Amino acid sequence: MNNFFIGIDLGGTRIKLGLISNDEGNNRLLDKKIIPAQSAKGLATSLPIIKDHINNLLNSNNVDINILKGIGLGFPGLVNPQSNQILSTNAKYDDALHIKLDEWVHANWNVDFFMDNDARLAAVGEWKYGAGSDTDDLVVMTIGTGIGTSVIMNGQLMRGKHFEAGCLGGHISVVYNGRQCTCGNKGCVEAYAATWSLKERIREHEAFSKSSLSTVDVIDFEAMFNEADKQDALAIEFKNDCIQLWAAAIVNLIHAYDPEVVVIGGGVMHRHEELIPRIKELVHQHAWTPWGKVEIEPSQLLSDAGIYGAVYCLQNRI
């Protein structure tokens, strides 16, 4: 008899929910839903919507609520997975500090619950099922609304004494006296090359009014890439800048954690055939790795990585 689990990846822009079937230890994603997130409005307003979509996933796949075994969730902030407590947020779901998600899960489904940082769970997903499955030493970077990272070292998931280890790579300073980041630091890579900061930087640029980016409905990476394809000068400038910033951050992560593989995830990896070779060239040029070259790989699981990782950690409590 199959066991069933729900994995939730709570992103700043999108919420991904997946129904996973476990048959003799093998996890398989049966169905998923991707819904818009309203992270600036807090988590409490999203919980009834998430609940409805979980129940719809169960109903549409003929899974009785009584055979659901558990729910795993990735949260975009600092999390204590031992107590399922959210420790700190950063301009996303800021009311979550006061919400007991384990009690919410128990009240609605009466099943086991596990929670950790979203990038950390995406790393576990890639490690066990995706682009990092051939190594026990990898770094994962997810590029989206923010920039998240996580580290597997010697087959161990890094968490640290205060649950910060490995997951703050988006807040590595790439410009020591640079832009103010939402985290309180200055010059973070996230303050330059994440979705939230990209649109600010583009709008502040003196050439913005002359750029085709001034005519798009939403300024994000997709718009930037599309307008760069049309040879818009400002879009090309920012695309090249983002590639160099991501590569600089990856070099820092390599120097810090000594991985064999760096896996890059997030929506930008729909352009991996263009981006990965350019990032790889810059990283290999600047990283100090006398033993050889770190592999730079696109995510194989994309938006499913966090779902798989959440369920795996729920099952195994690594």
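In what follows, the structure referred to is the one given above.
Sequence order as written defines the numbering, with residues in each chain counted from 1. Only residues with pLDDT of 70 or above have their local features reported here, since the model is predicted, and side-chain atom pairs are shown and tallied only from 80 upward, although totals for entire chains, interfaces and linings are computed over all residues. With hydrogens and water excluded, all non-hydrogen atoms of the structure serve as input to the side-chain values.

K.L.:
Can you help me understand the pairing of strand E6 (residues 85–88) in this one?
P.N.:
Regular strands show a simple pattern: their side chains alternate between the two faces of the sheet. Any two strands are treated as partners once DSSP identifies two or more bridges connecting them. Starting at the N terminus, helices and strands are each numbered in turn, a helix being any DSSP run of H or I of at least four residues and a strand any DSSP run of E of at least two. Across three bridges, strand E5 (residues 78–80) lies against E6 in antiparallel orientation. Note on E6: the bridge partner recorded for Val-79 is Ile-86.

K.L.:
I'm lost on the pattern of salt bridges in this one. Help?
P.N.:
Pairing is possible between side chains of opposite charge, provided their charged atoms come close. Any Lys or Arg side-chain nitrogen located within 4 Å of an Asp or Glu carboxyl oxygen qualifies as a salt bridge. Evaluated as defined, the whole model comprises 12 salt bridges. With a closest N to O distance of 2.6 Å, Asp-304 and Lys-32 form a salt bridge. Here Lys-32 lies in strand E3 (residues 26–36) and Asp-304 lies in the loop between strand E12 (295–298) and helix H9 (305–316), a separation of 272 residues in the sequence. Think of it in three bands: with a 1.4 Å probe and only protein chains considered, a residue is buried below 20% of the maximum accessible area for its type, exposed above 50%, and partly exposed in between. The exposure class assigned to Asp-304 is buried, which follows from its relative accessible area of 16%. The class of Lys-32 is partly exposed, set by a relative accessible area of 30%.

K.L.:
What's the story with the sheet that holds strand E1 (residues 3–10) in this structure? I'm lost.
P.N.:
Across the sheet, five strands lie side by side as E3-E2-E1-E4-E7; this open sheet has mixed pairing. In this open sheet, the two strands that pair with only one neighbour each are E3 and strand E7 (112–117). Pairwise comparison of adjacent strand axes, ignoring direction, gives a mean angle of 20 degrees for this sheet. One ladder, built from 10 bridges, connects strand E2 (residues 14–23) with E3; its direction is antiparallel. Looking at the pairing, Leu-17 lines up with Lys-33 of E3. Two residues form a contact once any of their heavy atoms are found within 4.5 Å. Axis angles are defined between N-to-C directions and span 0 to 180 degrees, where every axis is a line fitted to C-alpha atoms and, for a helix, only to the segment in contact. Here helix H2 (residues 101–109) sits on the sheet in contact with strand E4 (68–75) and E7, set at roughly 150 degrees to E7.

K.L.:
Which parts of the structure should I look at to understand the nonpolar core?
P.N.:
Generally speaking, a soluble globular protein has its nonpolar side chains buried in company with each other. To define a nonpolar core, start from buried Ala, Val, Leu, Ile, Met, Phe, Trp, Tyr and Cys residues and group those joined through side-chain atoms within 4.5 Å. Phe-221, Trp-246, Ile-250, Ile-264, Ile-279, Val-283 and Ile-296 are the most contacted members of the largest nonpolar core, which has 49 residues in total. Elements with a contribution of two residues or more to this core: strand E8 (138–143), strand E9 (147–153), helix H4 (190–193), helix H5 (195–204), helix H6 (221–229), helix H7 (233–257), strand E11 (261–265) and helix H8 (272–286). Examining the composition of this core, we find that 14 residues originate from one element, H7, more than from any other. Apart from the residues within four sequence positions on either side, Trp-246 is in contact with Met-141, Ile-143, Ile-147, Val-189, Ala-193, Phe-221, Val-268, Leu-275 and Ile-279.

K.L.:
Would you explain the state of the cysteines in this entry?
P.N.:
Formally, a disulfide is one covalent bond, and it connects the sulfur atom of one cysteine to the sulfur atom of another. Two cysteine sulfurs form what is called a disulfide whenever their separation falls within 2.5 Å. Inspection of every chain in the model, using the stated rule, returns zero disulfides. Free cysteine: Cys-183, not disulfide-bonded; nearest cysteine sulfur from Cys-188 at 3.7 Å. Its sulfur unpaired, Cys-242 is 14 Å from the next cysteine sulfur, which belongs to Cys-181. Its relative accessible area of 0% is what places Cys-242 among the buried residues.

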